[in-house]
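Per-entry structural report
Each chain, written out:
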Amino acid sequence: MTLTPSNENGMTLTAGQLDAYLAKTGVDRPASLDLPSLSRLHRAHLMTFTWEALDAFMGWPSSITPASAFAKMVGGRRGGWCYEMNGLFGAALDALGFRVTRLCGGVDREKLGDVAIGNHLTLRVDLDHRSYLAEVGVADAIIEPVPLAVGPISQRGFDFSIVPTQDDWLRFNNHAHGIARSFDFRADHSDEAAMADTHGWLMRDPGSPFTNALAVLRHTANGYVALQNDRLRTVTPISVSEHRITSADHLADTFETIFDLEIPRPERVWDKIQAIGRDEAA
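All of the points below concern the structure found in this document. (Residues numbered from 1 in each chain as written. Predicted model: local features only at pLDDT ≥ 70, side-chain atom pairs only at ≥ 80, totals over all residues. Heavy atoms only, no water.)

1. A short note on the packing of aromatic side chains
As enumerated under the stated definition, the model contains eight aromatic pairs in all. Ring centres 5.2 Å apart and planes at 25° place the aromatic pair Phe 172 and Phe 183 in the stacked group. One end of the pair, Phe 172, is in strand S8 (residues 170–173); the other, Phe 183, is in strand S9 (residues 182–185), and eleven residues separate them in sequence. By relative accessible area, Phe 172 is classed as buried at 1%. Taken together, a centroid distance of 5.7 Å and an interplanar angle of 40° make the contact between Phe 183 and Phe 185 tilted. With respect to class, Phe 183 is no different from Phe 185; both count as buried. (Phe/Tyr/Trp six-rings, centres within 6.5 Å; stacked < 30°, edge-to-face > 60°. Helix = DSSP H or I, 4+ residues; strand = E, 2+ residues; numbered from the N terminus. Buried < 20%, exposed > 50% of the residue type's maximum accessible area, 1.4 Å probe, protein only.)

Structure follows, in structure tokens:
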């Protein structure tokens, strides 16, 4: 499914929304639809918005549409997960005139099998006669788009790869410290219904990894910082350091100063983290 030029289905942005998005990310409207422009937009998106799955963790409302992501992320000080990060980015690219296709993927399909298909949204962008993988939704992976082709990838000292699977899918392998180790996709596979269904499961089911663990991540100049429950990790290509969040006030300050998030009632988030810790210790 290629993003439509209409805003009726929320898959693109209006002119006013696009202006607000560009202002938020600090990028001027590109003069040409080429790889340098796409790369600049890709990097700016990741350096502006935090990847976070707080809605699933806390049971707050969430929608798969880019229009909803725009209201949350551009209109407010929140981030989003793959459906929102890639959804908003794809909608902005479409509004700028890029040829964008929303692809239905599967994180950890190599372990989970086909049940994983639909748990990830990624993007194909066609420029001239070459296709690129634009991926701002897998949290800690590439910071600029890459050719949609089999082979090794290196960015900022982190090593990735795209490899074929035995059943004719493509597998993006994350770097060694990546939280999501891989996701599978096909360059021509779109399934909005599967993504909507899986979004609902990830949001509500007790078996969802996001209802049982807090996950927040933000890219930095040379790596990223990630919060998993009460563990705060700072990762670069040559080092990993870890600190513990020790109180509700500490968590609130971390949301504000490190992740640039405005989270209502952060003490409730801390209470749930503590409850999970007690359950694991029991």
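2. What about the sheet that holds S9?
Sheet strands pair via backbone hydrogen bonds, and the direction of the pair is either parallel or antiparallel. Taken in spatial order, the eight strands make up an open sheet running S5-S4-S3-S2-S9-S8-S7-S6, and their pairing is antiparallel. The outermost strands of the open sheet, each flanked by one partner alone, are strand S5 (146–147) and strand S6 (151–155). Looking at chain direction, strand S2 (residues 99–107) and S9 are connected through two bridges and run antiparallel. When the bridges of S9 are listed, Gly 106 appears paired with Asp 184. In the packing of helix H5 (residues 82–96) onto the sheet, contacts are made with S2, strand S3 (120–127) and strand S4 (130–134), and the angle to S3 comes to roughly 20°. Sheet strands in contact with helix H7 (residues 192–204) are S2 and S3, and its direction is about 50° off that of S2. (Pairing = 2+ DSSP bridges. Contact = heavy atoms within 4.5 Å. Axes fitted to C-alpha atoms, helices over the stretch in contact; angles between N-to-C directions.)

3. Considering the pairing of S4
Inspection of the sheet shows S3 paired to S4 by five bridges, in the antiparallel sense. By the bridge assignment, Val 125 is partnered in S4 with Tyr 132. Counting the residues between successive antiparallel strands, the hairpin from S3 to S4 contains two residues, one of them, Asp 128, with a positive phi of roughly 55°. Summarising the sheet, S4 and S5 pair through two bridges and their orientation is antiparallel. When the bridges of S5 are listed, Tyr 132 appears paired with Pro 147.

4. Focus on the environment of Glu 262
By the secondary structure assignment, Glu 262 is in the loop between helix H8 (248–257) and helix H9 (266–281). The sequence separation of Glu 262 and Ala 176 amounts to 86 residues, and the corresponding C-alpha distance is 31 Å. In this structure Glu 262 touches Arg 77 and Arg 78, once residues within four positions along its chain are discounted.

5. Some thoughts on the pairing of S2
The element S2 is extensively covered by neighbouring structure, given that eight of its nine residues are classed as buried. In this structure, S2 lies alongside S3, joined through seven bridges in antiparallel fashion. The residue bridging Cys 104 from the neighbouring strand is Leu 121, located in S3.

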